[in-house]
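Analysis of the macromolecular model
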Amino acid sequence: MSVSRQAVSYVRFSSGVQAKGSSVDRQSDVYESWLQKHPEYVNSPLSKTDEGVSAYTKANLKDGKGLSELLAHIEHGDLKSGDAIVVEAIDRLSRADFFTTLEVVRKILSAGISIFTIEDGAEYTAQSVNGSQVYVLIAKAQAAHEYSKRLGDRISAAYESKRRRARSGEKIRISAPFWLESTGEIKKDAALLVQEAIDLYLSGKGTRYIAKLLSEKSAELANLNPSTIKRWFSNRALIGEWGNKDDPIQGVFEPLIQMSVFIELQKELERRATKPAPADKYELSGFVWCDCCGARFQTRRQKPKATKDAPVGSVKYLEKPIILYCNCKNYLQNGRCNNNTTWSYDVLLFIYRRVAMEAIISIAESRAFDKRNSRLDELIAQEIDLRKRQDRLTDVYGVTGSQRTMDQINECTSQLELLRLSIGQLKESITHDQNKDAESVSLSLEKVERGQENINKSVQMQIYDIEGMPSMEVANLIKKYDVKILINGKQAVTTYDGYVYNLISRSQKYACYFVESAHADPDLASQVHAIGKNGLEMASAYSLDDLIDRLS
């Protein structure tokens, strides 16, 4: 009984444009036609496709790519002598330099596997390339490589010309993102959608939520992917710059947002990438931490207890709210932490809202009193970008030794020196004024806390704006200022404002928790608070006895 020989199709294209067109369909169709003409072969499930992968740069030979996997199948014996690899043309396999192409072909043919090129009807075998066919193979491989090299050189020259014109301030036509015309002007309707996406992201919304919302608003964005939104946010075209392979050119596009907003956007992208935002199911998510092991505190839901008046299944029972408790995650999940005290979510919500008010005042002051902080952020971001570019150029110089690269490194060094000088002067200016105005700023904060009407109007307006935001958006804003509640047993510390809270007890009689608050400042007297549902303060006093009298 004869064993059928396997035919493996290898399809490759290098650009996204080809993906949208007919490249895959064309290569697949000609392979199906080839199979019909060669019944001695059966289609193999090992066929591979490399989508958007360059053969000129050898990308299809990297781990995980189709051609690399095909060669691995040959090495492992999944493809054997007598089998065939079928391609549209030899340049589908490789457009790399001659020796790389020769090595790919050698690995295939030396295993006794044939290469069929459908375009010219040729079959290459170990035997045939020992004759005159080897010259045909060499000529085609070299022609494919030279074509890709010439094309790459032409494209590089065209882009270098565009770079020179852009730096001289000349308007150029270039591939532009969704919200821009190819001439660099803003598309009004598209820009409004992108601006909305930025506002939502900075307020705490995720890219999936934003993608769904925008896809419902615009037919052009019907299949918007969350990863596309992230690419929008990191694109320097938002501030009018052409990224130009990490050597930005300013003024190429009409800017959509200010540099300060762009910097804030990059910080938020980095924050979410390095430290994923916790689920926004609860307002306290990401604020409460174990002071013993450093783990998050996890919120647990507990059904209310049934009573004679409210048995399980009754209307009264169903009207009872779910009870929320918080514990150290490590203690709950694996017992790796001894911090076993359970805290009521309502008590922690009360503590969070007190420290949040302090943070809101500081944020408002920062926004209203000193615009120089935004400028400082801009300069620091520019310094970081320049240092990254200098590091990359240094790596390139280590390989190429190019004088042009060294000139670019020296230019970066000069720009860094000027930036650091500006940053130092601005920091000194801000610090000087902060020291000079420390007393007046302190007085302003006291006025805010007492609710006096003669507070600086710009600060008060900022406070109103922040307080008017949805609670989850305020929470996400405050997270950027490192506001945390650290729990150790029955003690909670809010490092942002220096308060210490002690959990005294729960009162069944008054349906509340008794909590003591104290501050490191001896001028601020300790208080005892009665905390009810939803973190609301029912009453407060300077002693527990006085507090109970007030509740009675």
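Procedures and definitions
Residues numbered from 1 in each chain as written. Predicted model: local features only at pLDDT ≥ 70, side-chain atom pairs only at ≥ 80, totals over all residues. Heavy atoms only, no water. Helix = DSSP H or I, 4+ residues; strand = E, 2+ residues; numbered from the N terminus. Buried < 20%, exposed > 50% of the residue type's maximum accessible area, 1.4 Å probe, protein only. Contact = heavy atoms within 4.5 Å. Areas by Shrake-Rupley, 256 points an atom, 1.4 Å probe, with all protein chains shown as cover. Pairing = 2+ DSSP bridges. Axes fitted to C-alpha atoms, helices over the stretch in contact; angles between N-to-C directions. Salt bridge = Lys/Arg side-chain N within 4 Å of Asp/Glu carboxyl O. Parallel < 35°, antiparallel > 145°, perpendicular 65-115°, else oblique. Phe/Tyr/Trp six-rings, centres within 6.5 Å; stacked < 30°, edge-to-face > 60°. Lys NZ or Arg CZ within 6 Å of the ring centre and 35° of its normal. Polar contact = N/O pair within 3.5 Å; in protein donor to acceptor, adjacent residues only side chain to side chain. Core = buried A, V, L, I, M, F, W, Y, C linked by side-chain atoms within 4.5 Å. pLDDT = per-residue confidence, 0-100.

Moving on, we get to the overall build of the protein chain. What the protein chain contains, in helices and strands, is 19 helices and 16 strands. Out of the 552 residues in the protein chain, the part that is buried amounts to 40%. For the protein chain, contacts bridging at least 24 residues in sequence account for 57% of all contacts bridging at least 6. Put simply, the protein chain shows about 31,100 Å² of open surface, and 50% of that area lies on carbon and sulfur atoms.

Below, the discussion takes up the sheet that holds strand S16 (residues 537-541). Strand pairing in a sheet relies on backbone hydrogen bonds. The paired strands run either parallel or antiparallel. Spatial strand order, S7-S11-S12-S13-S14-S15-S16: 7 strands in an open sheet with mixed pairing. Edge positions in the open sheet fall to strand S7 (288-290) and S16, since each of these has one partner strand only. The average angle at which neighbouring strand axes cross in this sheet is 25°, direction not considered. The pairing of strand S14 (residues 512-519) with strand S15 (residues 527-531) spans 5 bridges and is classified as antiparallel. Bridge pairing in S15 links Ser-517 to Gln-527. Seen against the sheet, helix H19 (residues 544-551) touches strand S13 (499-507), S14, S15 and S16 and runs at an angle of roughly 135° to S16.

Within helix H3 (residues 66-76) the residues assigned to the buried category are Gly-66, Leu-67, Ser-68, Leu-70, Leu-71, His-73 and Ile-74. Buried residues along H3 sit against strand S1 (5-12), strand S3 (48-50), strand S4 (84-87), helix H4 (90-93) and helix H5 (98-109). With its phi angle positive at about 85°, Gly-77 sits one or two positions after the end of H3.

Tracing the backbone shows Met-406 in helix H15 (residues 403-436). With 13 residues separating them along the chain, Met-406 and Leu-393 place their C-alpha atoms 7.9 Å apart.

Here we take up the pattern of salt bridges. Counting across every chain of the model gives 9 salt bridges. Taking the shortest distance from any N to any O, the salt bridge between Lys-217 and Glu-196 comes out at 2.7 Å. Pair noted here: Lys-217 is in helix H8 (residues 207-217) and Glu-196 is in helix H7 (residues 188-202), with a separation of 21 residues, a long-range link. A residue is classified by how much of its surface remains accessible, and Lys-217, at 49% relative accessible area, is partly exposed. Because the salt bridges share partners, they merge into one network encompassing Asp-91, Arg-92 and Arg-95.

In this section: the sheet that holds strand S9 (residues 323-328). Spatial strand order, S8-S9-S10: 3 strands in an open sheet with antiparallel pairing. Among the strands making up the open sheet, the edge pair consists of strand S8 (297-302) and strand S10 (343-344).

This part is about the packing of H8 against helix H9 (residues 226-234). The relative placement of two packed helices comes down to the angle between their axes together with the axis-to-axis distance. Relative orientation of the contacting elements H8 and H9 amounts to 100°, with a least axis distance of 8 Å. Accordingly, the angle class assigned to the pair H8 and H9 is roughly perpendicular. In this structure, H8 contributes Thr-207, Arg-208, Ile-210, Ala-211 and Leu-214 to the contact, and H9 contributes Pro-226, Ile-229, Lys-230 and Trp-232.

When we look at a pair of aromatic rings, we describe it by the centre distance and by the angle of the planes. This structure, assessed with the given rule, holds 8 aromatic pairs. Between the aromatic rings of Phe-350 and Tyr-501, the centroid separation amounts to 6.5 Å while the plane-to-plane angle is 85°, which identifies the pairing as edge-to-face. Of this pair, Phe-350 sits in helix H13 (residues 345-369) while Tyr-501 is found in strand S13, placing the two residues 151 residues apart along the sequence. Per residue, the accessibility class of Phe-350 equals that of Tyr-501, and both read buried. Members of the aromatic cluster, joined through ring pairs, are Trp-34, Tyr-41 and Phe-116. The ring of Tyr-41 carries Arg-5 above its face, with NZ or CZ at 4.6 Å from the centroid. When the ring centre of Trp-289 is taken as reference, the NZ or CZ atom of Lys-484 above it lies at 5.1 Å.

A separate point is the pairing of S9. As paired strands, S8 and S9 are joined by 6 bridges and run antiparallel to one another. When the sheet's bridge partners are listed, Gln-302 is paired in S9 with Ile-323. Direction of pairing for S9 relative to S10: antiparallel, over a ladder of 2 bridges. Across the sheet, residue Tyr-325 finds its bridge partner in S10, namely Ser-344.

Looking now at unusual backbone geometry. The phi torsion of most residues other than glycine is negative, and most of the peptide bonds are trans. Even without glycine at this site, Ala-511 takes up a positive phi of about 50°. Looking at where Ala-511 falls in the secondary structure, it is placed in the loop between S13 and S14. Residue class for Ala-511 comes out partly exposed when judged on its relative accessible area of 49%. Even without glycine at this site, Asn-534 takes up a positive phi of about 60°.

Summarising the element assignment, Gln-6 is placed in strand S1. From its side chain, Gln-6 meets the backbone oxygen of Asp-78 in a polar contact 3.2 Å long. With residues near it in sequence (within four places) discarded, Gln-6 still touches Tyr-41, Val-42, Ser-44, Pro-45, Leu-46, Asp-78, Leu-79, Asp-83 and Ala-84.

Next up on the list: the nonpolar core. In terms of nonpolar packing, the biggest core is built from 42 residues, with Trp-343, Leu-348, Ile-351, Tyr-352 and Ile-478 touching the most fellow members. Of the residues forming this core, the biggest block, 14 residues, is contributed by H13. Not counting residues up to four positions away in its chain, the partners in contact with Ile-351 are Trp-343, Ile-485, Ala-492, Thr-494 and Tyr-501. Counting 33 residues, the second-largest nonpolar core is a separate cluster that includes Ala-191, Ile-198, Leu-202 and Val-252.

By secondary structure assignment, the location of Leu-379 is in helix H14 (residues 372-400). With relative accessibility at 5%, the residue Leu-379 sits in the buried group. A C-alpha to C-alpha distance of 9.6 Å links Leu-379 and Leu-426, two positions 47 residues apart in sequence. Leu-379 has contacts with Leu-419, Ser-422, Ile-423 and Leu-426, leaving out every residue within four places of it along the chain.

When pLDDT is averaged along the protein chain, the result is 79, and 80% of the positions lie at 70 or above. Here residues 434-445 is modelled with pLDDT under 50, and outside its nearest four sequence neighbours on either side it reaches 4 contacts, counting other chains as well. Contacts from residues 447-455, a stretch scored under 50 in pLDDT, to residues over four places away or in other chains number 8 contacts.

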